[in-house]
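What follows is the residue order along each chain.
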There are 2 protein chains.
Amino acid sequence: MPQRARLIMLQDAIQAVWPTNTWRSCHVVVAVSGGADSVALLRGLAELHRRTSGSGELIVAHFNHGLRGEHSDGDQSWVAQLAQTLNLRGEFGQPAESEQLDTEQSARDARYAFLLNTAERCGARYIATAHTADDQVETVLMRVLRGSGIDGLTGIPRVRSLSASVSVVRPLLAVRREEIESYLQQLDQPYRTDASNHESHFTRNWLRNELLPAIRERLPSDPDRSLLRLAEQANQWSELLESIVAPLVEQTVRVENHRLQFNLTLLADQPAIVVQQVARQAWRAAGWPEQGMGMADWERLSTAISGAEAGKFQLPGHVQVAREAQTLELFRGGFPENC
Amino acid sequence: MPQRARLIMLQDAIQAVWPTNTWRSCHVVVAVSGGADSVALLRGLAELHRRTSGSGELIVAHFNHGLRGEHSDGDQSWVAQLAQTLNLRGEFGQPAESEQLDTEQSARDARYAFLLNTAERCGARYIATAHTADDQVETVLMRVLRGSGIDGLTGIPRVRSLSASVSVVRPLLAVRREEIESYLQQLDQPYRTDASNHESHFTRNWLRNELLPAIRERLPSDPDRSLLRLAEQANQWSELLESIVAPLVEQTVRVENHRLQFNLTLLADQPAIVVQQVARQAWRAAGWPEQGMGMADWERLSTAISGAEAGKFQLPGHVQVAREAQTLELFRGGFPENC
């Protein structure tokens with residue numbers, strides 16, 4: 001295939017899921033670690049941006065986790081150089097001195113906080129990140145094995161709102177890593193090796209470098225494609241469930257200060273999965289922490305909603321549950337003595 | 001733990017999912033290969049049966065695939081001996097001379113045909129098979145990797161109707177293989193090694209003996225449990241979908257000789273996943289073969305149902321599709337020339 005055709009293909013892939021006319025008048029923050037994926041995203045967006053007339057600006061944002069020692073500083077100045085070459089503004093961040101980025105989650109939280117802060121400071125509407133189809137495959141398989149339930153099989157979302165004014169988008173979510181490498185090769189564009197792996201912990205690397213290759217070798221039926229389709233299907237199922245659950249939450253849940261009330265009359269005949277989703281959304285609406293709630297806790301709460309028995313029990317996060325007749329009441333922080 | 005307590009535990013596990021009073025008055029065919037799982041099932045059921053008063057009889061059924069050479073005949077006489085020891089009737093079958101059991105599917109079809117035939121001949125209501133939680137884990141993971149969609153993640157069903165009068169039940173579906181081995185050890189009950197693997201082809205054995213052990217070693221979060229829960233959840237989702245789809249099929253699909261008609265008015269605003277399930281159920285109601293239909297074919301059919309464009313195309317199994325205004329018509333065997 002001639003070089004020109006291939007290059008156009010990657011830009012077409014971006015254009016297909018995130019058409020230029022949706023962002024050409026907005027500022028866009030591009031998260032660039034310096035690894036292959038984010039460098040390809042930046043080159044692709046920069047090329048689309050160059051060809052498009054619009055008032056929006058592309059801003060290169062790089063978070064220096066400092067986890068790779070002197071390599072980290074090397075990554076940063078390399079990305080700064082790339083931004084300059086492309087004639088784009090660069091924004092750089094690092095953890096506060098007090099911050100301990102010793103887990104993948106804390107590193108991720110600090111990075112997203114920096115990206116959101118940068119976007120809000122620059123008046124950007126979007127943050128573009130370079131998650132690929134390979135990241136999606138790994139995420140879905142990991143969630144299958146770690147037990148997220150079907151909800152989690154939806155994988156990495158293509159668009160997700162981070163604040164009232166800023167959304168994160170993943171324009172490369174349908175692009176395979178090998179397409180990215182061949183794109184960069186044809187542009188003769190170098191990238192920082194391993195830079196894109198700084199967030200990959202042990203298990204994720206094992207899944208990427210050992211488990212998935214072993215599966216691909218044995219199953220000629222294209223397991224990557226199976227996992228990507230599973231994510232698509234899970235998204236369709238989630239939308240269906242949402243269309244049933246949203247009006248039910250509206251009708252049956254009351255959120256007050258530290259308190260959730262379920263009117264059980266309308267929930268009695270609903271399927272278990274609907275009841276559980278109503279419970280999750282109510283919990284979220286109350287702004288209570290979900291991390292402590294395991295599958296068994298959600299099931300316990302759902303059973304209390306669907307069942308006929310009165311009684312009291314406690315859930316993680318200091319939440320008291322009390323069931324009386326047709327009302328289930330949840331209170332966070334202990335029941336007040338006199339009411 | 002004292003021996004008595006452990007033994008009671010396996011029988012409790014059977015009793016919990018398949019209480020004796022549901023089958024004590026029926027004849028039950030127990031499928032016994034001679035491997036650990038089916039021997040444990042037989043011993044468990046025989047013990048429950050012995051303790052229960054009822055008019056039902058347990059019948060030991062063994063299908064001699066002849067795939068293991070002289071071992072196969074050894075398995076058969078071993079199972080005959082076991083049945084005699086337990087004072088139960090034994091029924092034995094083998095492939096017809098013309099039958100080629102050269103694939104896992106053909107061996108499975110022949111075995112189930114024999115079991116169903118035996119059940120009907122003996123007037124049995126149930127066929128009990130010895131699928132375990134480990135089989136379920138393997139099946140769900142295989143379907144995740146091979147791409148069955150969420151429908152397939154429901155895994156092996158606990159009960160499934162085989163004919164108007166006979167159902168297959170799997171009372172050990174929540175029991176782990178290690179519990180079975182410890183049960184047999186405590187009974188001092190031998191079994192035929194490998195006999196239970198005669199249906200396991202290459203890929204399934206790799207998944208059981210290499211892939212799953214590697215995953216268990218790396219993920220301390222109990223991946224088996226995750227996969228079992230996923231199957232449970234997928235079952236809940238399927239029930240929810242069924243409760244939406246069944247009335248829609250009733251209202252929108254007409255099945256006639258070689259012909260399916262969809263009234264599109266009611267289907268236009270339905271979510272994609274609902275439309276696809278309506279299409280699958282209509283196809284099934286027409287008795288058309290599903291094997292040839294891949295995911296892409298189902299999607300094409302769903303798009304024709306939801307979309308606005310008139311047109312004709314063909315689907316696997318010689319099915320012609322024609323869309324006109326508010327009707328979609330499927331015809332199997334080519335459109336007649338003069339209508």
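In this text, all values refer to a predicted model and were calculated from it rather than measured experimentally. (Residues numbered from 1 in each chain as written. Chains lettered and ligands numbered in written order. Predicted model: local features only at pLDDT ≥ 70, side-chain atom pairs only at ≥ 80, totals over all residues. Heavy atoms only, no water.)

**A look at the pattern of salt bridges**
Residues and elements named next belong to chain B. Summed over all chains, the structure comprises 38 salt bridges over all chains. Close ionic contact of Glu329 with Arg259 constitutes a salt bridge, the shortest N to O distance being 2.7 Å. Taken together, the residues span a long stretch of sequence, with Glu329 in strand β11 (residues 327–332) and Arg259 in strand β8 (residues 259–263) at a distance of 70 residues. Here the two residues Glu329 and Arg259 agree in accessibility, since each one is buried. (Salt bridge = Lys/Arg side-chain N within 4 Å of Asp/Glu carboxyl O. Helix = DSSP H or I, 4+ residues; strand = E, 2+ residues; numbered from the N terminus. Buried < 20%, exposed > 50% of the residue type's maximum accessible area, 1.4 Å probe, protein only.)

**Observations concerning the domain arrangement of chain A**
Looking at chain A, the domain boundaries give domain 1 (3–218) and domain 2 (236–332). One C-alpha centre belongs to domain 1 of chain A, the other to domain 2 of chain A; they are set 36 Å apart. (Domains from an automatic or database assignment.)

**Quick word on the relation of the copies chain B and chain A**
For the match of chain B to chain A, the screw axis carries a shift of 0.1 Å, the RMSD comes to 0.1 Å, and the turn is 180°. Given the turn and translation reported, the copies of this chain are related as if by a two-fold rotation axis. When the interface residues of chain B are mapped onto chain A, 100% of them are again interface residues, pointing to one common binding face. (Least-squares fit on C-alpha atoms with pLDDT ≥ 70 in both. Contact = heavy atoms within 4.5 Å.)

**Regarding the confidence of the model for chain A**
On average, chain A scores 88 in pLDDT, and the residues at 70 or more come to 93%. Contacts from residues 335–339 of chain A, a stretch scored under 50 in pLDDT, to residues over four places away or in other chains number 6 contacts. (pLDDT = per-residue confidence, 0-100.)

**A word on the side chain of A:Ser167**
Among the structural elements, A:Ser167 can be located in strand β6 (residues 167–169). When sequence neighbours within four positions are dropped, the list of residues in contact with A:Ser167 reads A:Arg125, A:Tyr126, A:Ile127, A:Val159, A:Arg160, A:Ser161 and A:Leu162.

**Considering the sheet that holds strand β4 (residues 124–128) of chain B**
Think of a sheet as strands paired side by side through backbone hydrogen bonds, with each pair either parallel or antiparallel. Residue and element names in this part refer to chain B. The 6 strands lie next to each other as β3-β2-β1-β4-β6-β5, forming an open sheet whose pairing is mixed. Every other strand in the sheet has two partners, leaving β3 (89–93) and β5 (159–161) as the edge strands with one partner each. Pairwise comparison of adjacent strand axes, ignoring direction, gives a mean angle of 25° for this sheet. Relative to strand β6 (residues 167–169), β5 is paired through 3 bridges, and the arrangement is antiparallel. The residue of β6 that forms the bridge with Val159 is Val169. (Pairing = 2+ DSSP bridges. Axes fitted to C-alpha atoms, helices over the stretch in contact; angles between N-to-C directions.)

**What to know about the packing of aromatic side chains**
Residue and element names in this part refer to chain A. Summed over the entire model, instances satisfying the criterion amount to 11 aromatic pairs over all chains. Relative to Tyr126, the ring of Trp18 has its centre 5.3 Å away and its plane inclined at 85°; by these criteria the two rings are edge-to-face. Highlighted residues: Trp18 in the loop between α1 (3–17) and α2 (20–23) and Tyr126 in strand β4 (residues 124–128), separated in sequence by 108 residues. The buried category is assigned to Trp18, whose relative accessible area is 7%. Here the aromatic cluster, defined as three or more aromatic residues joined through ring pairs, consists of Trp18, Trp23 and Tyr126. Arg125 extends its terminal NZ or CZ atom over the ring of Tyr126, reaching a point 4.9 Å from the ring centre. (Phe/Tyr/Trp six-rings, centres within 6.5 Å; stacked < 30°, edge-to-face > 60°. Lys NZ or Arg CZ within 6 Å of the ring centre and 35° of its normal.)

**Observations concerning unusual backbone geometry**
Residues and elements named next belong to chain B. Although it is not a glycine, Asp188 adopts a positive phi angle of roughly 60°. One can find Asp188 in the loop between α7 (177–187) and α8 (202–218). Positive phi, normally seen in glycine, also occurs at Ala325, with a value near 40°. Relative to the assigned elements, Ala325 resides in the loop between β10 (319–324) and β11.

**Some details on the interface of chain B and chain A**
The interface is formed by 40 residues belonging to chain B together with 40 residues belonging to chain A. On the chain B side of the interface with chain A, the three residues burying the most area are B:Leu145, B:Arg218 and B:Trp237, jointly 21% of the side's total. Linking chain B to chain A there are 2 salt bridges. The residue A:Glu299 makes a salt bridge to B:Arg229 at a minimum N-O spacing of 2.9 Å. If you look at where chain B meets chain A, you find 8 residue pairs in polar contact (both at pLDDT 80 or more). (Buried area = accessible area lost by both parts, 1.4 Å probe. Polar contact = N/O pair within 3.5 Å; in protein donor to acceptor, adjacent residues only side chain to side chain.)

**Quick notes on the packing of helix α3 (residues 36–51) of chain B against α7(B)**
All names here are of chain B. Contact geometry of α3 with α7 gives a least axis separation of 10 Å together with a crossing angle of 60°. Overall, the two elements α3 and α7 adopt an arrangement that is oblique. You can see that α3 and α7 cross each other, and the crossing is left-handed. Each of Ala36, Asp37, Val39, Ala40, Arg43 and Gly44 in α3 lies in contact with α7, whose residues at this interface are Arg177, Ile180, Tyr183, Leu184 and Leu187. For the contact of α3 with α7, the per-class residue count stands at 7 nonpolar, 1 polar and 3 charged. (Parallel < 35°, antiparallel > 145°, perpendicular 65-115°, else oblique. Left-handed = near helix turned anticlockwise from the far one by under 90°. Nonpolar A, V, L, I, M, F, W, Y, C, P; charged D, E, K, R; others polar.)

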